[in-house]
Amino acid sequence: MSPRTLTGWRKSSHSHFEENACVEIGTGPGVVGVRDTKQAVPRPILVYSAAAFAAFLDRLTGAR
C-alpha cells in the first residue's frame, strides 16, 4: 500500500503539540494508516487492516 493512497488524514483530538504528541489517522481501501506528525518527511506510516484498527479502538473504548 502506497502512502499516497491513504487519504483524509485527521489529527487525533488527543494530540497535544506542546507535549510533542501529534498523531494522525488516514484511510484507504480496507486499511487505516497511523503517522506521527513530528517525524521528518517522509513520515513513516503504520498500516493496519480496517478490522484490526476497529478492534483496537473497541478495546480502547471498552466496547464489547
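Our subject in this report is the structure included herewith. Quick caveat: nothing in here was measured; it's all calculated off a predicted structure.

1. Here's the deal with the overall build of the protein
Move 1: Counting its regular elements, the protein contains one helix and four strands.
Move 2: Along its sequence from the N terminus, the protein presents helices and strands in the succession β-β-β-β-α.
Move 3: A total of 64 residues make up the protein; the buried ones form 19% of that total.
Move 4: Intrachain contacts of the protein at a sequence separation of at least 6 include 17% that bridge at least 24 residues.
Move 5: Accessible surface for the protein amounts to roughly 4900 Å². Of this, 57% is attributable to carbon and sulfur atoms.

2. Quick notes on the environment of serine 15
Move 1: Along the polypeptide, serine 15 turns up in the loop between strand S1 (7-11) and strand S2 (23-28).
Move 2: According to the relative accessible area criterion, serine 15 is buried, its value standing at 13%.
Move 3: Counting along the chain gives 22 residues from serine 15 to threonine 37, while the straight-line C-alpha distance between them is 9.9 Å.

3. Some remarks on the pairing of strand S3 (residues 31-36)
Successive residues of a regular strand alternate their side chains across the two faces of the sheet.
Move 1: Taken across its six residues, S3 has five buried, putting it largely inside the fold.
Move 2: In the sheet, S2 pairs with S3 via six bridges, with the strands oriented antiparallel. By the bridge assignment for S3, isoleucine 25 is matched with valine 34.
Move 3: With antiparallel pairing between neighbouring strands as the criterion, S2 and S3 make up a hairpin whose turn holds two residues, including glycine 30 at a positive phi of roughly 75 degrees.
Move 4: Direction of pairing for S3 relative to strand S4 (residues 45-49): antiparallel, over a ladder of five bridges.

So, how was this worked out
Residues numbered from 1 in each chain as written. Predicted model: local features only at pLDDT ≥ 70, side-chain atom pairs only at ≥ 80, totals over all residues. Heavy atoms only, no water. Helix = DSSP H or I, 4+ residues; strand = E, 2+ residues; numbered from the N terminus. Buried < 20%, exposed > 50% of the residue type's maximum accessible area, 1.4 Å probe, protein only. Contact = heavy atoms within 4.5 Å. Areas by Shrake-Rupley, 256 points an atom, 1.4 Å probe, with all protein chains shown as cover. Pairing = 2+ DSSP bridges.

Everything listed here is a matter of coordinates, which is why it stays silent on function.
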